[in-house]
Amino acid sequence: MTIRVLVAEDQSAVRAGLVLILRSAPDIEVVGEVEDGEAAVRLARELRPDLVLMDVQMPRLDGVSATRQVVTEGLADVLVLTTFDLDEYVFGALRAGAAGFLLKHTDAHDLLEAVRTVARGEGMIAPAVTRRLIAEFAGAARARTADPAVLDALTRREREVLACLGEGLSNAEIAGRLSMAEATVKTHVSRLLGKLELRSRVQAAVLAQELRL
């Protein structure tokens, strides 16, 4: 199954490099490339890609606002490109529902694997860099501690899955730990996201850390 990707990056040299890498993979198709956030949203609506590779700092409409629109409208998953400054852009993208974060200097192999991981619906929460992002975001958000009562809507199994998400585990890792099928894990993740009104696994991971599960 081919993964259809839209690339949004304002630096032409960086964008060309990303496109070149993505097109080298037989299971990935670059359906479009844009240099600003407005164009990213417009093309996402038109092309309905599986994933948007989104830079956070772009002209006309920044990547955070573009991510929010793309996710809210259910147009595609968003994998954010960042220099990992952990600034308000990155935090904003997380709040907006980004499915994951990728460093701009990531090598070709890791870029392709990141795209595949997000396309599988797992989000980029396994790599150590993203665990650090989740931990730092959760720490910054500690002042507005989540209410444990939000867990009342979850079953015991869903709470266990949520705790695993907080550790940055993939579906396969959760399946191994909790002795269940990977497809069952995906079902639990989907249900808990809906019950908690969260947009992504990354947001669920942050909530799990805020609740100290």
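Here, every reference points to the structure presented above.
What you see is a predicted model; the values in this text were computed from it and never measured. (Residues numbered from 1 in each chain as written. Predicted model: local features only at pLDDT ≥ 70, side-chain atom pairs only at ≥ 80, totals over all residues. Heavy atoms only, no water.)

Engineer: Lay out the environment of Glu-73 in plain terms, naming residues and giving numbers.
Structural biologist: Tracing the chain through its elements places Glu-73 in the loop between α3 (63–72) and β4 (77–82). Residue Glu-73 is classed as partly exposed on the basis of its relative accessible area of 38%. A sequence separation of 32 residues divides Glu-73 from Val-41, and the C-alpha atoms of the two residues are 9.8 Å apart. Of note is the side chain of Glu-73, whose polar atom sits 2.7 Å from the side chain of Arg-45. (Helix = DSSP H or I, 4+ residues; strand = E, 2+ residues; numbered from the N terminus. Buried < 20%, exposed > 50% of the residue type's maximum accessible area, 1.4 Å probe, protein only. Polar contact = N/O pair within 3.5 Å; in protein donor to acceptor, adjacent residues only side chain to side chain.)

Engineer: So what's going on with helix α7 (residues 156–166)? Residues and values would help.
Structural biologist: All buried positions along α7 are accounted for by Glu-158, Val-161, Leu-162, Ala-163, Cys-164, Leu-165 and Gly-166. Of the residues trailing α7, Gly-168 is marked for its positive phi of about 80°.

Engineer: I'd like a rundown of the layout of surface pockets, residues and numbers included.
Structural biologist: Take a probe with the size of a water molecule and roll it over the atoms, and the empty space left behind shows itself. By volume, the largest pocket amounts to about 320 Å³. If you go around the largest pocket, you meet 19 residues; those closest to its centre are Asp-77, Gly-121, Leu-193, Arg-199 and Arg-201. Elements with a minimum of two residues in the lining of the largest pocket: β4, α9 (182–196) and α10 (201–210). For the lining of the largest pocket, the element with the most residues is α9, which contributes four residues. The residue inventory of the lining of the largest pocket, partitioned by class, reads eight nonpolar, six polar and five charged. (1 Å grid on protein atoms, 1.4 Å probe; cavity = no way out; pocket = protein on both sides within 12 Å on 5 of 7 lines; lining within 4 Å. Points joined across faces, edges and corners; volume = space filled by probe spheres on them. Nonpolar A, V, L, I, M, F, W, Y, C, P; charged D, E, K, R; others polar.)

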